[in-house]
Every structure is written in structure tokens, then in C-alpha cells.
Amino acid sequence: MSVDAATVKRIGRLARIRIEEEEVAAYQTELNAILGFVEQLGEVDVEGVEAMTSVTPMTLRRRVDVISDGNYAEKIVGNAPLTEDNFFMVPKVVE
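Each chain carries its own residue numbering, running from 1 in the direction its sequence is written. Selection of residues for local features in this predicted model requires a pLDDT of at least 70, selection of side-chain atom pairs for listing and counting requires 80 or more, and totals for whole chains, interfaces and linings are taken over all residues. Where side-chain values are given, they derive from all heavy atoms of the structure, hydrogens and water being excluded.

## Quick notes on the overall build of the protein chain
In DSSP terms, a helix is any run of H or I states spanning at least four residues, a strand is any run of E spanning at least two, and both are numbered starting from the N terminus. The helix and strand tally for the protein chain stands at 3 helices and 2 strands. A globule of 95 residues ought to have a C-alpha radius of gyration of about 12 Å, yet the protein chain, at 29 Å, is considerably larger. Viewed in the frame of its principal axes, the protein chain has a C-alpha envelope of about 70 × 45 × 25 Å. A 1.4 Å probe rolled over the protein chains alone gives each residue an accessible area, and that area as a share of the maximum for its type sets the label: buried under 20%, exposed over 50%, partly exposed in between. Residues classed as buried in the protein chain amount to 6% of the 95 residues present. Residue contacts are counted whenever heavy atoms from the two residues lie within 4.5 Å of one another. Counted over contacts in the protein chain with a minimum sequence separation of 6, partners at least 24 positions apart contribute 29%. Methods summary: accessible areas were calculated by the Shrake-Rupley approach with a probe of 1.4 Å, and residue burial reflects only the protein chains presented. Here the protein chain has roughly 9600 Å² of accessible surface; of this, 56% comes from carbon and sulfur atoms. Counted as positive: Lys and Arg. Counted as negative: Asp and Glu, with His and the chain ends omitted from the count. Where a charge lies is defined by one atom per residue type: Lys uses NZ, Arg uses CZ, Asp uses CG and Glu uses CD. Of note, the protein chain has its 10 positive side-chain charges centred 7 Å away from the centre of its 17 negative side-chain charges. Note that the radius of gyration is over C-alpha atoms, with the globule rule given as 2.2 Å times the number of residues to the power 0.38.

Dropping the structure here:
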């Protein structure tokens, strides 16, 4: 795939970057070089290569999933102007 001048201008417009007419050729060359490199990556044989999320082998630290706090609903609704059964009460807004 190669990028033409119209595509360079369109990319610049979409990215909201002002590209002067004399800069179009330079950007076109740079974008074509980048796309050529990406095409080279597509030729690499990755069969049997394990996917990785980090450059160093590591396992995620996990915490125990237990309830560590709670049963203080009275404190939460304590400053509310109007509550009922530990729920906030608000005026009706929809008829």
C-alpha cells in the first residue's frame, strides 16, 4: 500500500494538522516508509511464539476477594436530609 498526496492531505485534515503544500512530498515519503516497515512485520513467522504482556516474565499479584468493610450504612446516610431504611430519599421528579 502506498500513500498519495491526497491521502496525506486527508490524514492531516483528520488529525487537524496544517500541512503546507511543500511539506506533502516529505510526509508522503515518511508515511510510505512506515507502511513498508509494517508490511515487513507481516512477513515474520510467529508460529509457536507465545503472546506476552511484559518483557519480563511475571505473574500478577492477586488479593483475596473477601469483604473487608461494611455494615455502617447509618454513618453513610447520617448527614442526608431525608432517609428511610438506610436509603437516600429524594423528591419525585417525574410524574
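Right, picking up where we left off after that structure.
## Quick notes on unusual backbone geometry
Unlike most non-glycine residues, Asp85 shows phi in positive territory, near 50°. Mapped onto the elements, Asp85 comes out in the loop between β1 (83-84) and β2 (87-88). The class of Asp85 is exposed, set by a relative accessible area of 63%. One non-glycine residue with positive phi stands out, namely Asn86, at about 65°. Relative to the helices and strands, Asn86 is located in the loop between β1 and β2.

## Focus: the packing of helix α1 (residues 5-14) against helix α2 (residues 24-42)
Axis lines are fitted through C-alpha atoms, for helices just across the contact stretch, and the angle between N-to-C directions can take any value from 0 to 180 degrees. Between α1 and α2, the shortest axis-to-axis distance is 9 Å and the interhelical angle comes to 95°. The angle between α1 and α2 places the two elements in the roughly perpendicular class. Counted together, Ala5, Val8, Lys9 and Ile11 of α1 and Val24, Tyr27, Gln28 and Leu31 of α2 form the full contact between these two elements. Under the scheme applied here, ten amino acids are nonpolar (Ala, Val, Leu, Ile, Met, Phe, Trp, Tyr, Cys and Pro), four are charged (Asp, Glu, Lys and Arg), and all others, including Gly, are polar. Looking at the contact of α1 with α2 residue by residue, the class counts come to 6 nonpolar, 1 polar and 1 charged. Orientation labels follow simple angle bins: below 35 degrees gives roughly parallel, above 145 gives roughly antiparallel, 65 to 115 gives roughly perpendicular, and whatever is left gives oblique.

## Considering the pattern of salt bridges
Note on definitions: salt bridges are taken to be side-chain nitrogens of Lys or Arg within 4 Å of carboxyl oxygens of Asp or Glu. Here the structure, examined in full by the defined rule, presents 1 salt bridge. Glu21 is the partner of Lys9 in a salt bridge, and the nearest nitrogen-oxygen pair spans 3.2 Å. On the criterion of sequence distance, the pair formed by Lys9 in helix α1 and Glu21 in the loop between α1 and α2 is long-range, its members being 12 residues apart.

## Topic: a nonpolar patch on the surface
Together, Ile34, Phe37, Val38, Leu41, Val44, Val46 and Val49 give the surface a local cluster of nonpolar side chains, amounting to about 680 Å² of exposed area. Of the residues examined, Val38 reaches a relative accessible area of 47% and is grouped as partly exposed. Without a salt bridge and with relative accessible area above 30%, a residue can belong to a patch; like charges are then joined within 9 Å and nonpolar side chains (Val, Leu, Ile, Met, Phe, Trp, Tyr) within 5 Å.

## Describing the environment of Arg61
Mapped onto the secondary structure, Arg61 falls in the loop between α2 and α3 (73-77). The class of Arg61 is exposed, set by a relative accessible area of 84%. Measuring from C-alpha to C-alpha, the distance between Arg61 and Ile17 comes to 43 Å, with 44 residues separating the pair along the chain.

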